[in-house]
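Here are the chains, one letter per residue:
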Amino acid sequence: GEGDAAYAFPARPSPADYALHPVRGFRCFCQRLVGNFGSDFACIIGVNYFCVKGMLLSIMGLVRLSYCKKSLGVDGTACQTMGAIASTPWAIKGAIGVLS
């Protein structure tokens, strides 16, 4: 169908084609996603990505800071340091995967 092909640059791309490539590529991806899985699934994926992973994680950061200050008696800098140490395994996960 029409959603099978990926976005490709024109034969002679202009600077505008390079600038708009991420937008056009994303639009093509969305069309293929809806074409392959349906609009309900695409909507669920979008809501999950933006709401759960985006908003919830930022709200949890604020809750964590409040918990550190009120319950643990730790200042904000120490709380952020502990969070950075705790998230280090996820930060280096890609490098470990490449090495293994």
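Quick look at the structure, then. Starting from 1, residues in each chain are numbered consecutively following that chain's sequence as written. Whole-chain, interface and lining totals are the exception, using all residues; otherwise, since this is a predicted model, local features are given only for residues with pLDDT of at least 70 and side-chain atom pairs are given and counted only at 80 or more. The side-chain quantities take in all heavy atoms of the structure and omit both hydrogens and water.

1. Looking at the pattern of salt bridges
Turning to step 1, where the next piece is worked out: A pairing counts as a salt bridge when a side-chain nitrogen of Lys or Arg comes within 4 Å of a carboxyl oxygen of Asp or Glu. The full count for this structure, using the stated rule, is 1 salt bridge.
Turning to step 2, where the next piece is worked out: For D17, the salt bridge goes to R24, with nearest N and O atoms at 2.7 Å.
Turning to step 3, where the next piece is worked out: Burial classes: relative accessible area under 20% of the type maximum marks a residue as buried, over 50% as exposed, and values in between as partly exposed (1.4 Å probe, protein chains only). Given the relative accessible area of 24%, R24 is considered partly exposed.

2. Description of the packing of aromatic side chains
Turning to step 1, where the next piece is worked out: Classification of ring pairs rests on two measures: the distance between centres of Phe, Tyr or Trp rings, Trp counted by its six-membered ring, which must be within 6.5 Å, and the angle between planes, read as stacked under 30 degrees, edge-to-face over 60 and tilted in between. Within the structure shown, the criterion is met by 4 aromatic pairs.
Turning to step 2, where the next piece is worked out: Taken together, a centroid distance of 5.2 Å and an interplanar angle of 45° make the contact between F37 and F41 tilted.
Turning to step 3, where the next piece is worked out: The class for F41 is partly exposed, based on a relative accessible area of 37%.

3. Re helix α2 (residues 39–72)
Turning to step 1, where the next piece is worked out: Approximately 25° is the largest bend angle found in α2, and it occurs at L56.
Turning to step 2, where the next piece is worked out: Strands are runs of DSSP state E lasting at least 2 residues, helices are runs of H or I lasting at least 4, and numbering of each runs from the N terminus. Positive phi appears at G73, one or two residues downstream of α2, with a value of about 70°. By definition, a residue's bend is the angle between the axes fitted to the seven residues ending there and the seven starting there.

4. Section: the side chain of D17
Turning to step 1, where the next piece is worked out: Position of D17 relative to the elements: it lies in helix α1 (residues 15–37).
Turning to step 2, where the next piece is worked out: Sequence-distant contacts of D17, defined by excluding residues within four places in its chain, comprise F9, P10, R12 and R24. Contacts between residues were defined by any pair of non-hydrogen atoms, one from each residue, lying within 4.5 Å.

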